[in-house]
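Descriptive analysis of the structure
Residue-level listing of the chains:
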Amino acid sequence: MEERKLLHSFLAKSQDGLPPRRMKDSYIEVLLPLGSEPELREKYLTVQNTVRFGRILEDLDSLGVLICYMHNKIHSAKMSPLSIVTALVDKIDMCKKSLSPEQDIKFSGHVSWVGKTSMEVKMQMFQLHGDEFCPVLDATFVMVARDSENKGPAFVNPLIPESPEEEELFRQGELNKGRRIAFSSTSLLKMAPSAEERTTIHEMFLSTLDPKTISFRSRVLPPNAVWMENSKLKSLEICHPQERNIFNRIFGGFLMRKAYELAWATACSFGGSRPFVVAVDDIMFQKPVEVGSLLFLSSQVCFTQNNYIQVRVHSEVASLQEKEHTTTNVFHFTFMSEKEVPLVFPKTYGESMLYLDGQRHFNSMSGPATLRKDYLVEP
Ligand SMILES: CCCCCCCCCCCCCC(=O)SCCNC(=O)CCNC(=O)[C@H](O)C(C)(C)COP(=O)(O)OP(=O)(O)OC[C@H]1O[C@@H](n2cnc3c(N)ncnc32)[C@H](O)[C@@H]1OP(=O)(O)O
């Protein structure tokens, strides 16, 4: 950190003082040679002989940061004065058949939009089938630049789109920002549900009333349904220094891997068969996690439909000395189960809001109807 303090003088006073960059300046391709270097496989292997998706989340997080460093590279400086942190995993959509731990994987990506201090990064992942790399997933992350000590914001280089395709990507980045603001301003934490959503909840409530008693209190579960309160799993992690990033905070990819693995276990025990991840969405990194913190993860099924399970993981930290818990992230994962899954029923008003939030996240997934049956992505 002492060394990083000295980098302050390289920080720009305004964005105009920074040279614009092109999308190809940050474009990178990285090979994960699972096929050609078998000693790597152990780290990525599941017991079903597929690839651990939690490890892929870690790799995407590191790659996103690396891409942003390329975008902001100062050719005359040995070290970047910026601290680049993950602010948001906007979306990860799976578009692939099966992930083999015995075939090479390729990642690629570049900065697709910039604001003043934030950058949107688009990444893709491919796996070798025969002699061709086939698409596996598309990811959109938002990274934020901070000063060299990660104490305040720092400007990023402007981005100039060079072709109609790049202009479209840039425009999409702008639209994504607007969509995020709209999504968060209609959050159920701020606004009442819509009329249609209220009807959904009231109908669910009515379907749980015992017809034998004329009472709002006696609740009975409909057939093939589970109370939401019985769909929870919790875990605790001690954030050891091994998991720290280059800025001495806990690595975002580690938090995602832990949350994902708990979500997978929750979906597995709820659905009673192997779940496959279909989408990850709207993971906001609200606060950094300090090394040495206790990380409490609570996972819960909040919405289901046919074979789909929507899982929400809430993460909180507390220091060893203080008992007070602070929320650091909320994670949303969509899984597809091998078999049809039970319905999940909220009992309380709070659970009803979780249900509607889960439904909103499920519906925001790009086209569940287009999902294929041959996903094979494991914890
Ligand atoms: C040299 C090469 C080395 C390569 C090494 C590679 C491997 C490296 C691997 C290491 C990997 C290390 C990686 C890790 O492990 S990072 C570890 C995981 N991430 C964190 O710990 C981050 C925790 N969160 C925070 O610190 C704050 O909440 C941040 C800093 C993110 C925002 O704080 P704050 O809210 O106070 O900031 P602001 O209001 O001034 O806004 C600032 C800008 O940010 C934009 N914004 C904010 N939130 C969001 C959002 N949710 N969606 C979209 N955008 C968002 C906002 O629009 C504005 O943009 P702009 O209008 O200025 O453009």
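Residues numbered from 1 in each chain as written. Predicted model: local features only at pLDDT ≥ 70, side-chain atom pairs only at ≥ 80, totals over all residues. Heavy atoms only, no water.

- With an unreviewed UniProt entry as reference, the protein is termed ACOT9 isoform 1, source organism Pongo abelii.
- In UniProt, the protein has this text filed under Sequence similarities (unreviewed entry): "Belongs to the acyl coenzyme A hydrolase family."
- What the UniProt record of the protein gives under Subcellular location (unreviewed entry) is the line "Mitochondrion". (UniProt positions renumbered as here; feature names shortened; annotations may be inferred.)

1. Considerations on the overall build of the protein
- When helices and strands are counted, the protein shows 8 helices and 12 strands.
- Taking 379 residues into account, the globule formula puts the C-alpha radius of gyration at 21 Å, and the protein, at 22 Å, falls close to it.
- Expressed as lengths along the three principal axes of its C-alpha atoms, the size of the protein is roughly 80 × 50 × 50 Å.
- Across the 379 residues that make up the protein, the buried fraction comes to 52%.
- A separation threshold of at least 6 residues defines the contact pool for the protein, and within that pool the share at least 24 residues apart is 76%.
- Carbon and sulfur atoms provide 56% of the accessible area of the protein, an area that totals close to 18400 Å².
- Computed over 44 positive and 47 negative side-chain charges, the separation of the two mean positions in the protein equals 4 Å. (Helix = DSSP H or I, 4+ residues; strand = E, 2+ residues; numbered from the N terminus. Rg over C-alpha atoms; globule rule 2.2 N^0.38 Å. Buried < 20%, exposed > 50% of the residue type's maximum accessible area, 1.4 Å probe, protein only. Contact = heavy atoms within 4.5 Å. Areas by Shrake-Rupley, 256 points an atom, 1.4 Å probe, with all protein chains shown as cover. Lys, Arg positive; Asp, Glu negative; His and termini not counted. Charge placed at Lys NZ, Arg CZ, Asp CG, Glu CD.)

2. Overview of the layout of surface pockets
- Looking at the largest pocket, its volume works out to about 800 Å³.
- Contributing to the lining of the largest pocket are 27 residues, with Phe183, Ser184, Asp282, Met284 and His361 lying nearest its centre.
- Residue assignment for the lining of the largest pocket shows that the elements contributing at least two residues are strand E2 (83-94), helix H5 (164-185), strand E8 (275-285), strand E11 (326-337) and helix H8 (349-364).
- Looking at the lining of the largest pocket element by element, the count peaks at 7 residues for H8. (1 Å grid on protein atoms, 1.4 Å probe; cavity = no way out; pocket = protein on both sides within 12 Å on 5 of 7 lines; lining within 4 Å. Points joined across faces, edges and corners; volume = space filled by probe spheres on them.)

3. What about the site of the ligand?
- Near the ligand, the surroundings consist of 26 residues, among which Lys116, Thr117, Ser118, Gly252 and Phe285 are the closest.
- One of the backbone N or O atoms of Lys116 is found 2.7 Å from an oxygen atom in the ligand.
- Here Gly252 contributes a backbone N or O atom positioned 2.8 Å from an oxygen atom of the ligand.
- For the ligand, the accessible surface in isolation is 1300 Å², of which the surrounding protein chains cover 69%. (Near = heavy atom within 4 Å. Polar contact = N/O pair within 3.5 Å; in protein donor to acceptor, adjacent residues only side chain to side chain.)

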